[in-house]
Amino acid sequence: MKEIAEAVSTRLSSSLPAVWNVPETLSQAMDYSLMAGGKRLRPLLVVAAAEALGGSRDAAMPVACAVEMVHTYSLIHDDLPALDNDDFRRGKPTNHKVFGEAMAILAGDGLLTHAFYSVVQASRQQGVSAESALAIVEELSRFAGPGGMVGGQVADMQGEQGVTDLDQLRYIHEHKTGDLIVFSVRAGGHIASGNAEQLEALERYGRALGHAFQIQDDILDLIGDESKLGKKTQSDVIQQKVTYPYFIGIEASRAEVERLTSEAKQALQNGAIPNPQRLLEIADLLLRRDH
Ligand SMILES: CC(C)=CCC/C(C)=C/COP(=O)(O)OP(=O)(O)O
Ligand SMILES: C=C(C)CCOP(=O)(O)OP(=O)(O)O
Ligand SMILES: [Mg+2]
Ligand SMILES: [Mg+2]
């Protein structure tokens, strides 16, 4: 898995075509956050889902990089003063702290749009069928857009202090975090020409995993180690965000992460996915994660 994360980082480091004459500061700001580290979870899921259905790593790699660009844009914007107003991310000062707010907004815009370009471009070069490429672009727009991650972020922002029950919180998690994770595994499925039953199994896995992941993020915000996380803790408390631990406490939240992890693993064990091993390992790894 480390090997896949490294291959993704190498590929991301040269993702802007040299002939484009991109303004120097813009490309520096995009690279700054993209190359600052990060677990590369979503790319890993794209590759692991493709391989679970017998697809190739090479074919999955461009989409793996594209989803990391979308994720990185979302983190740059999430940290802006108008949103979470955070000063550290991936072990470094946040993008706007280094490049200023205007450039951070534009670096995010650049990463988001470039993700779509790179999916289409690479699909052409690598002979991914037009039908699969179209399905991937459609799903990336859907899961990252207003009905997906952006909508979830709006609900998160509007819900600050006003969330009164776990159902509302689940809606926020499902969209702000879960949707990009669901996209990642479904995209891997499309790359490997998965059938409807396989895509459905991957989606159920991604849905449960995404939910577990955000609850764990909220637990780590309370009790995690800043140097391991690469970001400041207590951010939710400072912003008076309503989270799982706020509603049900840390122990019950941990139990929920375990339950959701089992649910995710079960989704892959009905025989539809020929080679689920790596996806199962990822679920177990996330259960124990401290960053
Ligand atoms: C459209 C945008 C900007 C989407 C951002 C989505 C997202 C999951 C942000 C991080 O959530 P968080 O604020 O709970 O996590 P962290 O603790 O990493 O800041
Ligand atoms: C969705 C959430 C909780 C934001 C952080 O995502 P990650 O924890 O995957 O961040 P990186 O490793 O990519 O920095
Ligand atoms: Mg946020
Ligand atoms: Mg945040």
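Look above for the structure.
Residues numbered from 1 in each chain as written. Chains lettered and ligands numbered in written order. Predicted model: local features only at pLDDT ≥ 70, side-chain atom pairs only at ≥ 80, totals over all residues. Heavy atoms only, no water.

Asks: How do you make sense of the coordination of the magnesium ion (ligand 3) when you look at a structure like this?
Replies: Only D78 (OD) and D84 (OD) from the protein coordinate the magnesium ion (ligand 3), and they sit 2.2 Å from it. Between the magnesium ion (ligand 3) and the magnesium ion (ligand 4) the interatomic distance amounts to 3.1 Å, and D78 serves as a bridging ligand to the pair. Accessibility classification places D78 together with D84 in one group, the buried group. (Donors = N, O, S within 2.8 Å, 3.2 Å for Na, K, Ca; no water. Buried < 20%, exposed > 50% of the residue type's maximum accessible area, 1.4 Å probe, protein only.)

Asks: In this structure, what is going on with the coordination of the magnesium ion (ligand 4)? I would like to understand it.
Replies: Ideal coordination angles are 109.5 degrees for a metal with four donors arranged tetrahedrally and 90 or 180 degrees for a metal with six donors arranged octahedrally. At 2.1 to 2.2 Å from the magnesium ion (ligand 4) lie its protein donor atoms, namely D78 (OD) and D84 (OD). For D84, a relative accessible area of 13% corresponds to the buried category.

Asks: Hey, could you run me through empty space enclosed by the protein in this one?
Replies: Under the defined criterion, the tally for this structure stands at five cavities of 30 Å³ or more. In this structure, the largest cavity encloses a volume near 90 Å³. Around the largest cavity, the lining residues are Y32, S33, A36, T72, L75, I76, D79, R89, R90, P93, T94 and N95. Of all the elements in the fold, those that place two or more residues in the lining of the largest cavity are α2 (24-34) and α4 (57-78). Top contributing element to the lining of the largest cavity by residue count: α4, with three residues. Of the residues in the lining of the largest cavity, the class split is five nonpolar, four polar and three charged. Looking at the second largest cavity, its volume works out to about 40 Å³. (1 Å grid on protein atoms, 1.4 Å probe; cavity = no way out; pocket = protein on both sides within 12 Å on 5 of 7 lines; lining within 4 Å. Points joined across faces, edges and corners; volume = space filled by probe spheres on them. Helix = DSSP H or I, 4+ residues; strand = E, 2+ residues; numbered from the N terminus. Nonpolar A, V, L, I, M, F, W, Y, C, P; charged D, E, K, R; others polar.)

Asks: Got a minute to help me understand the site of ligand 2 in this structure?
Replies: Residues in close proximity to ligand 2 include G38, K39, R42, H71, L75, R90, T177, F213, Q214 and D217, which together make up its full environment. Between an oxygen atom of ligand 2 and a side-chain N or O atom of K39, the distance comes to 2.6 Å. Between ligand 2 and R90, the relevant distance is 2.8 Å, taken from an oxygen atom to a side-chain nitrogen or oxygen of the residue. When isolated, ligand 2 has an accessible area of 390 Å², and the protein chains bury 89% of it. Only α4 and α10 (196-223) provide two or more residues apiece to the shell around ligand 2. Per-class residue counts for the shell around ligand 2 are two nonpolar, four polar and four charged. (Near = heavy atom within 4 Å. Polar contact = N/O pair within 3.5 Å; in protein donor to acceptor, adjacent residues only side chain to side chain. Areas by Shrake-Rupley, 256 points an atom, 1.4 Å probe, with all protein chains shown as cover.)

Asks: Would you mind showing me how to read the environment of I76 here?
Replies: As for its position among the elements, I76 is in helix α4. Excluding residues that lie within four positions of it along the chain, I76 makes contacts with S33, N95, A104, A107, G108 and L111. (Contact = heavy atoms within 4.5 Å.)

Asks: Explanation requested: the environment of S132 in the structure shown.
Replies: Here S132 shows up in helix α7 (residues 130-144). Owing to a relative accessible area of 13%, S132 belongs among the buried residues under this scheme. C-alpha of S132 to C-alpha of G194: the two residues are 62 residues apart in sequence and 10 Å apart in space. In this structure the side chain of S132 is engaged in a polar contact, spanning 3.0 Å, whose partner is the side chain of S129.

Asks: Help me understand the pattern of salt bridges in this model?
Replies: Think of it this way: side chains of opposite charge can pair up when their charged atoms draw near. Tallied over the entire structure, the rule returns 23 salt bridges. When the shortest N-O distance is used, the salt bridge between K176 and D156 registers 2.9 Å. In this pair, K176 is assigned in helix α9 (residues 166-191) and D156 in helix α8 (residues 149-159), connecting sequence segments 20 residues apart. For D156, a relative accessible area of 8% puts it in the buried group. Note that E203 and R186 form a salt bridge whose closest N and O atoms lie 2.9 Å from each other. Remark: R186 occurs in helix α9 and E203 occurs in helix α10; sequence separation between them is 17 residues. Of the residues examined, R186 reaches a relative accessible area of 12% and is grouped as buried. (Salt bridge = Lys/Arg side-chain N within 4 Å of Asp/Glu carboxyl O.)

Asks: Can you walk me through the nonpolar core in this structure?
Replies: The tendency in soluble globular proteins is for nonpolar side chains to be buried as a group. L45, Y205 and L279 are the most contacted members of the largest nonpolar core, which has 72 residues in total. For this core, the element with the most residues is α4, which contributes eleven residues. The contacts of L279, once residues within four sequence positions are left out, are L45, A48, A49, A52, V185, L202, Y205 and L268. (Core = buried A, V, L, I, M, F, W, Y, C linked by side-chain atoms within 4.5 Å.)

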